[in-house]
Amino acid sequence: MPSIADAPALDLDLPPEIPDLRMPLLAVAAWAGGLAAIVLPAVAAVASVLGIGLAALVLARSRGGTTTVLAGCVLALGVLASALVRAEAVDRSPVAELADERAVVEVVGVLVSDPRPLESPYGDQVLVRLRVHEVAGRGLVHRVAVPVLVLGDPSWADEPLGATVRTRGRLAAADGGGHPGGLAGLLTGATAPVRLAEPDVWWRGADAVRASIRDSVAHRPDDQRALVPALVDGDDAALEPGLEDDFRATGLTHLTAVSGTNLTLVVGFLLVLARWCRVRGRWLALVAVVGIVGFVLLARTEPSVLRAAAMGTVGLLAMGANGRRRATRGLAVAVVVLLLVQPGLAGTAGFVLSVLATAGIVLLAPGWRDALARWLPRWLAEAVAVPAAAQVACTPVVAAISGQVSLVAVLANLLVAPAVGPATVLGLAGGLVGLISDRPARLLGTGAGWCVGWIATVARTGADLPLATLGWGTDGWSLAVLTAACLCLALAAPRVLRSARLSVPLVVAAVVVTTVPLPTPGWPADGWVLAMCDVGQGDALVLSAGPGAGIVVDAGPDPAEVDRCLDALDVERVPLLVLTHFHADHVDGLAGVLDDRAVGEVWTTSVLDPPEAVDEVVAAVAAAGAVATLPAVGARQFGAVTVQALWPRPAPPAPGPGDGSTANDASVVLVAEVEGLRVLLTGDVEPPGQAALAATLPALDVDVLKVPHHGSRYQDLPWLLSLRAEVALISAGADNDYGHPAPDLVSALEDAGTEVARTDEDGDVLVLADGGGVPRLRSRGG
């Protein structure tokens, strides 16, 4: 008798499986309820949800699916009710009422976030979130349970998460008080905390592991020392801003924040260990649960961490049998549960990006992988498909947030993918082993450091490419076009990717576009004498000293931005570099000026404050083969430019108070003459220094004025107007927190007939000389 195995295979043309969309629709309904609570007043939110729900029920009766629609209405109302109740509890609390009165209070509460240092014009401070249990103010003591943001002095930096403390300060109303999950108030001027109770044992254990992870890489270079804790548990306190910008430009920020990827790697590692130890069946599920709980404690129980844990759990589901269906359903369940627990997540960018990235990986990546696997090894096809699907799904939201579209994100994620897993596992293992023995922990930390070193190299190299990012509008039409383009790409990708003849030329074209510098017509324009670089909230200016040469005055806060600007100006030699003072927004970009450029003289101010920045500048300049000195006395000629320092008065170098408070008014002030134009570059000099200059040089008349201190309100306006400048330049970051430039100052300059150019609106700015002593302006990128 022939067996079943001998029977010929039947060629059945089965219809494609219809996906079950019920659970995803319920998640959409829950999300809509959360958004309604955030966007609309309470009555309008309830009316909107009920109205849409009734309309959907009427429609569903004719087509079926009434049960699903009814369940969606219940979920939307549940999330909405949860959000409204939370917001009402915060807004009606005694803390919120005392905040409205700006009352001085004493509070007792538990730290629910790690203290985060904050640099401000008023000195170093610390931000920390406190869950307040008791508040005493206006002669009354109240028992409460509301969140408050504390702004205190550096003594708060040593307080551990989970500690119960008492402090005193002045309450102020906080933004987002009516937001579900918002703050009841802001406690300013908080006194040094008095610790009343130590954190619970699980928090102490998590802190011990986090500290051990940092210790295991303490011997590694700065980038590696900062990146390993950020990758393993989201501890990004030591990351330098320049590296963070590079990660942002290359689409790698998810690695330095707590994400589902972290949890998937950590719990996956624990499951592998458990299998090696012959753990099977339901005990594996217990190991996974313990791993998830441990990860949440290690990375902190903030809403973003809970979100990441949920998305990571979905990723673990996708790794199992029938993964795609289970992961889709799991993603929807995760969305619903998270919104019921934390309805405020509905309006956060992190939640949106997590859900979209996970959905892209679950829904798009399998089809793209199968298409690529027709002509690529399956492992390589999957390595390409996963980051590409996540990036396409997130691109419109990322563009709405940043105004940029990363063109190198997929390639960057592909290049770092082999290092992410080992770095995470070795970093965690180093932290755990370090609790027992330092030497093997340092060995594991070295391995993790090598891995993250590669990741940092990819980020820096990718960010330096000529077209790493593409600027994109954040208005509705621009985002609609981008969303439509991403949808078309998602639909067309399987057809394109299955053919090597189509895919390879497209990849080659993308590589050429991102790596080959594209000419910018008319930039730099002929006859340019001065450039004001758009470096964000900071200063970086360049005087043209001849072909390939430029005098650089200040370096801005970001090495990548000043390097970009100098490259665009074809500046290869810097005969003179002037650092007007040592604040970060003028010197932190120094590495970008020194990168592959010959530097001659370096001038700095005589006030050596703040000392940490002075040490870093001196070391960086020495490494470049130059020496930092005080400005020369009298006029000096550098190519086509004559430069003379006017301020501060000649004096030997001297330390300041150490907090940088005297640095602004000690800024080096220069007057330069180039191609018949007189230019005054003022750094951040303040009214006392401006008044001294007015007394010393009462007849000073210039063509171009660099407005002091980014156009702040704190100016000697009569002196500025007495200069009779035809052009005023203001370097300020878009949407900065300082209100720079002050509208009254800009109006006064314009009313006096001065043409004002500002980097926050105009981007990079050139001053052109026409030979007749009249400056003209040209800008790009505004």
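The structure we're discussing is the one just above.
Values in this document were obtained by computation on a predicted structure and should not be read as measured data.

Caption draft 1: Structural detail: the packing of helix 6 (residues 222-233) against helix 16 (residues 438-463). Their axes nearest at 9 Å, the elements helix 6 and helix 16 cross at an angle of 100°. Accordingly, the angle class assigned to the pair helix 6 and helix 16 is roughly perpendicular. Here helix 6 contributes D223, Q224, L227, V228 and L231 to the contact with helix 16, which in turn contributes A448, G449, W450, V452, G453, I455, A456 and R460. In terms of residue class, the contact of helix 6 with helix 16 is made up of eight nonpolar, three polar and two charged.

Caption draft 2: Focus on unusual backbone geometry. In this structure, P610 follows D609 across a cis peptide bond, with omega equal to 0°. In this structure, D570 is a non-glycine residue whose phi angle is positive, near 60°. By the element assignment, D570 lies in the loop between helix 19 (559-568) and strand 13 (573-579). We classify D570 as partly exposed; its relative accessible area is 49%. Located in the positive-phi region is D596, a residue other than glycine, with phi close to 60°. Position of D596 among the secondary structure elements: in the loop between helix 21 (590-594) and strand 14 (598-604). Given a relative accessible area of 74%, D596 falls into the exposed group.

Caption draft 3: Representation of the sheet that holds strand 17 (residues 636-638). Pairing is mixed in the open sheet, where seven strands are placed in the order 17-18-20-21-22-23-24. Two strands bound the open sheet, and with one partner strand each, they are strand 17 and strand 24 (755-758). Strand-to-strand, the axes of this sheet are offset by a mean angle of 20°, without reference to chain direction. Bridge count between strand 17 and strand 18 (residues 641-647): three bridges; the pairing is antiparallel. Note that in strand 18 the partner of R636 across the bridge is V643. The strands touched by helix 25 (residues 743-751) are strand 23 (727-730) and strand 24; relative to strand 24, the strand with the most contacts, the crossing angle is about 145°.

Caption draft 4: Seen up close, the packing of aromatic side chains. Taken as a whole, this structure holds one aromatic pair when the rule is applied. Consider the rings of W603 and F638, whose centres lie 6.2 Å apart with planes at 75°: the pair is edge-to-face. Remark: F638 occurs in strand 17 and W603 occurs in strand 14; sequence separation between them is 35 residues.

Caption draft 5: Geometry of the state of the cysteines. Following the criterion strictly, the structure yields one disulfide and no others. Each sulfur of the disulfide joining C533 and C565 lies 2.0 Å from the other. Between C533 and C565, the S-S dihedral sits near -70°, and the bridge is therefore left-handed. A residue pair is termed long-range when its members are at least 10 positions apart, and C533 in the loop between strand 10 (528-532) and strand 11 (541-546) and C565 in helix 19 qualify at 32 residues. The class for C533 is buried, based on a relative accessible area of 0%. On the basis of relative accessibility, which here comes to 4%, the residue C565 falls in the buried class.

Thresholds applied
Residues numbered from 1 in each chain as written. Predicted model: local features only at pLDDT ≥ 70, side-chain atom pairs only at ≥ 80, totals over all residues. Heavy atoms only, no water. Axes fitted to C-alpha atoms, helices over the stretch in contact; angles between N-to-C directions. Helix = DSSP H or I, 4+ residues; strand = E, 2+ residues; numbered from the N terminus. Parallel < 35°, antiparallel > 145°, perpendicular 65-115°, else oblique. Contact = heavy atoms within 4.5 Å. Nonpolar A, V, L, I, M, F, W, Y, C, P; charged D, E, K, R; others polar. Buried < 20%, exposed > 50% of the residue type's maximum accessible area, 1.4 Å probe, protein only. Pairing = 2+ DSSP bridges. Phe/Tyr/Trp six-rings, centres within 6.5 Å; stacked < 30°, edge-to-face > 60°. Disulfide = S-S within 2.5 Å.

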